[in-house]
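Residue-level structure breakdown
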Amino acid sequence: MSTIAERTRTATAQIVDELGAELVSTDPELVLKMSSDWSRMSPVLQEKVPAGRYLADAVVRPRTNAEVAAVLAAAYAHDVPVTPRGSGTGNYGQATPFDGGIVLDLRALDTIVVNDDGSITAGAGAKISVIDTVAREAGRDIWIYPSTKGTTIGGFVGGGSAGTGTIQRGTTTDGYVRAVTVAPMDGTGSTFTVRGDDVTPYVHAYGVTGVVVEVEIETDPARDWTAVYASFGSWAAMTEVHRSLLDLPVLPRLASGDEPALVPSLPAPVDLDPTQHSLRVIAESSTVPQILERVRAAGGSVVATLDDYEQCDKVSSMSYNHPVFFLQKAHPDRTWFHMETGGRAHWEAPDDVRAAYDGEVHLHLELMGTAPLAMVVAPYIDEEHVLDGIPRLEATGLGVHSPHQWFVDRNVELARATARTTDPKGLLNPGKLVADAPADTRVNIGVR
Ligand SMILES: Cc1cc2nc3c(=O)[nH]c(=O)nc-3n(C[C@H](O)[C@H](O)[C@H](O)COP(=O)(O)OP(=O)(O)OC[C@H]3O[C@@H](n4cnc5c(N)ncnc54)[C@H](O)[C@@H]3O)c2cc1C
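Every chain's residues receive numbers from 1 upward, in the order its sequence appears when written. It should be noted that, the model being predicted, local features are given only for residues of pLDDT at least 70 and side-chain atom pairs only at 80 or more, the latter also being counted only at that level, while totals for whole chains, interfaces and linings use all residues. The side-chain quantities take in all heavy atoms of the structure and omit both hydrogens and water.

Points about the sheet that holds strand E6 (residues 120-123)
Sheet architecture is open: five strands sit in the order E5-E6-E10-E8-E9, paired in antiparallel fashion. The outermost strands of the open sheet, each flanked by one partner alone, are strand E5 (112-114) and strand E9 (192-195). The average angle at which neighbouring strand axes cross in this sheet is 15°, direction not considered. Here strand E8 (residues 177-183) pairs with E9 via four bridges, running antiparallel. When the bridges of E9 are listed, Ala 179 appears paired with Arg 195. In this description, contact between two residues means that some pair of their heavy atoms is separated by no more than 4.5 Å. In this analysis an axis means a line fitted to C-alpha atoms, helices contributing only their contacting stretch, and an angle means the value between N-to-C directions, from 0 to 180 degrees. Only DSSP runs of H or I reaching four residues or more are called helices, and only runs of E reaching two or more are called strands; each is numbered from the N terminus. Contacting E8 and strand E10 (211-217), helix H4 (residues 65-77) runs over the sheet at an angle of about 150° to E10. Relative to E5, helix H5 (residues 128-137) is tilted by about 25°, and along the sheet it contacts E5, E6 and E10. Note on pairing: two strands pair once DSSP finds at least 2 bridges between them.

Quick look at the pairing of E8
Exposed residues in this analysis have more than 50% of their type's maximum accessible area, buried residues have under 20%, and partly exposed residues fall in between, with area computed by a 1.4 Å probe over protein chains only. Taken across its seven residues, E8 has six buried, putting it largely inside the fold. Note that E8 and E10 share six bridges and pair antiparallel. Bridge assignment links Ala 183 to a residue of E10, and that residue is Val 211.

Describing H5
When H5 is considered as a whole, its buried residues turn out to be Ile 128, Ile 131, Asp 132 and Ala 135. Within H5, the buried residues cover an arc of 100° as seen down the axis, which keeps them to one side. Each element contacted by the buried residues of H5 is listed here: E5, E6, strand E7 (140-142), helix H6 (153-159), E10 and helix H11 (309-316). Two residues or fewer past H5, Gly 139 is found with a positive phi of approximately 80°. Think of it as the arc spanned by the lines of direction from the helix axis to the C-beta atoms.

Things to note about the environment of Gly 343
With respect to the helices, strands and loops of the structure, Gly 343 is situated in the loop between strand E16 (336-342) and helix H13 (345-348). Sequence-wise, Gly 343 and Ser 190 are 153 residues apart; in three dimensions their C-alpha atoms are separated by 43 Å. Those residues in contact with Gly 343 that lie beyond four places of it in its chain are Ala 371, Pro 372 and Leu 398.

Some thoughts on the site of the ligand
Near is defined per residue: the residue qualifies when any heavy atom it owns lies within 4 Å of the molecule or strand. Looking at the ligand, there are 37 residues lining it, with Pro 84, Thr 89, Thr 152, Ser 161 and Ala 162 nearest. Contact distances for the ligand include 3.5 Å between an oxygen atom and a backbone N or O atom of Gly 160. For this analysis, a polar contact is any N or O atom pair within 3.5 Å, provided that within protein one partner can donate a hydrogen and the other can accept it, and provided that sequence-adjacent residues contribute only side-chain to side-chain pairs. Backbone polar atom of Ala 162 to a nitrogen atom of the ligand: 2.6 Å apart, as the coordinates give it. For accessible areas, the Shrake-Rupley method is used with a probe of radius 1.4 Å. Any residue's cover is judged against the shown protein chains and nothing else. Surface burial for the ligand is 98%, taken as the share of its 970 Å² of free accessible area covered by protein chains. Taking a 2 Å distance to the grid points as the criterion, the majority of the atoms of the ligand fall inside the largest pocket. Elements with a contribution of two residues or more to the shell around the ligand: strand E3 (82-85), H6, E10 and helix H12 (322-330). Cavity and pocket criteria rest on a 1 Å grid covering protein atoms alone: a 1.4 Å probe that fits but cannot get out defines a cavity, protein on both sides within 12 Å along at least 5 of 7 lines defines an open pocket, and an atom within 4 Å of a point defines a lining residue. Here the criterion for a molecule occupying a pocket or cavity is that more than half of its atoms lie within 2 Å of the pocket grid points.

Regarding the sheet that holds E3
Strands pair in a sheet through their backbones, by hydrogen bonds, and they do so in one of two ways: parallel or antiparallel. With mixed pairing, the four strands of this open sheet are ordered in space as E1-E2-E4-E3. Looking along the sheet, the strands with just one partner apiece sit at the ends: strand E1 (24-25) and E3. For E1 and strand E2 (residues 58-60), the ladder comprises two bridges, and the chain directions are antiparallel. Counted as the bridge partner of Val 24 is Val 60 from E2. Running over the sheet, helix H1 (residues 4-19) touches E1, E2 and strand E4 (102-105) and is turned about 30° from E2.

Structure representation (structure tokens):
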């Protein structure tokens, strides 16, 4: 029996013959870079999937949907694993090629079309920041984008879940994705398009059900947005305003809150008092006076209101996982981990949440449709300590999703059933669709 490395050489020789030598690279530096992702944010994953432990045998960069289909046909013919990749910012190690083979770099698929009804059809490799620029020029707002706005739409649909826009529009499985065009790993060398509910098996499936080559996403008519910065002397005062934002006449696009320990490392364009709790909102501009009134009524201070759309991007780039990343970056001498939790206890019983981990614990909040999502941040001791906190967090009434695991954890049964047809040999992103994975843990934090 030949090795995967040998079979990859055969498959890539076929790809070179059929599509051209420029698609294939075995440059060791590139292979190393393309074989790891942002799992380094998790000290647990840092130990289990450090950069360099699992390496692809080749990087292939197709330019069209047809080329993706042809690459998969060659890989199928020679039993070569294929791991799709966008920008590699997934933070669960989910773009790591555990079995080697081909890493499929999809960034060259970067077309963007605004359709007559305002929806946008984009190639999997199109950057969300570029899609957003095109959308705004066409008078549209894309429903959701992650704090990593420079990442690809295929990667966000394949491995992301929520972000700016989620308060109103939910997550990537709440209608955001209108249609996907998929290249299956079934030897046909073809693509197919599914719409509506049929897109679900391909969303947040880490590519195990097929390679997404094109995505149609929902947009709204563009609105004017304002970046609002406020500070508070206490968590209670900050969260009083945070929770009140759900009854604004137009929901904010984003509302992030942090405890003082997380504030100094935030790269804000305005001065943030490191002793204060920080609230940052992307507010629909007509609601700003109401928000400012609420800030003052809760005893807080308005730090700034900035109308420029680019300022809203800055607020977005300090949301979701980013405060954890900035804290880690500011303290290279220390190791921090985070847990993703969802529920009202962050507002109502924050001390119980903090008590889940002894000692120093900091909370970062994001507003979602009915309750907040949080990153519970604490110093890292070992994996056991990380996992021991989960039942204690759950005892406070919170749902918990551990970011220290790489397997598909959303609509798992559906992914399994779909992959039986679209990837009968199990060649797509091996090791991510695992038999004993706890199913659908993301539901715990409000992500279906
Ligand atoms: C600091 C930080 C902040 C983050 N903030 C957010 C956030 O706000 N919201 C959020 O949802 N996520 C967030 N993430 C996670 C991640 O950045 C996003 O989900 C991002 O959109 C992933 O896109 P990517 O192009 O980097 O995908 P990659 O990391 O390259 O891929 C992600 C997964 O999707 C698969 N994949 C990639 N392209 C395709 C394709 N075309 N077809 C099928 N499968 C594919 C990959 O195999 C992998 O399993 C954050 C990560 C970091 C490090």
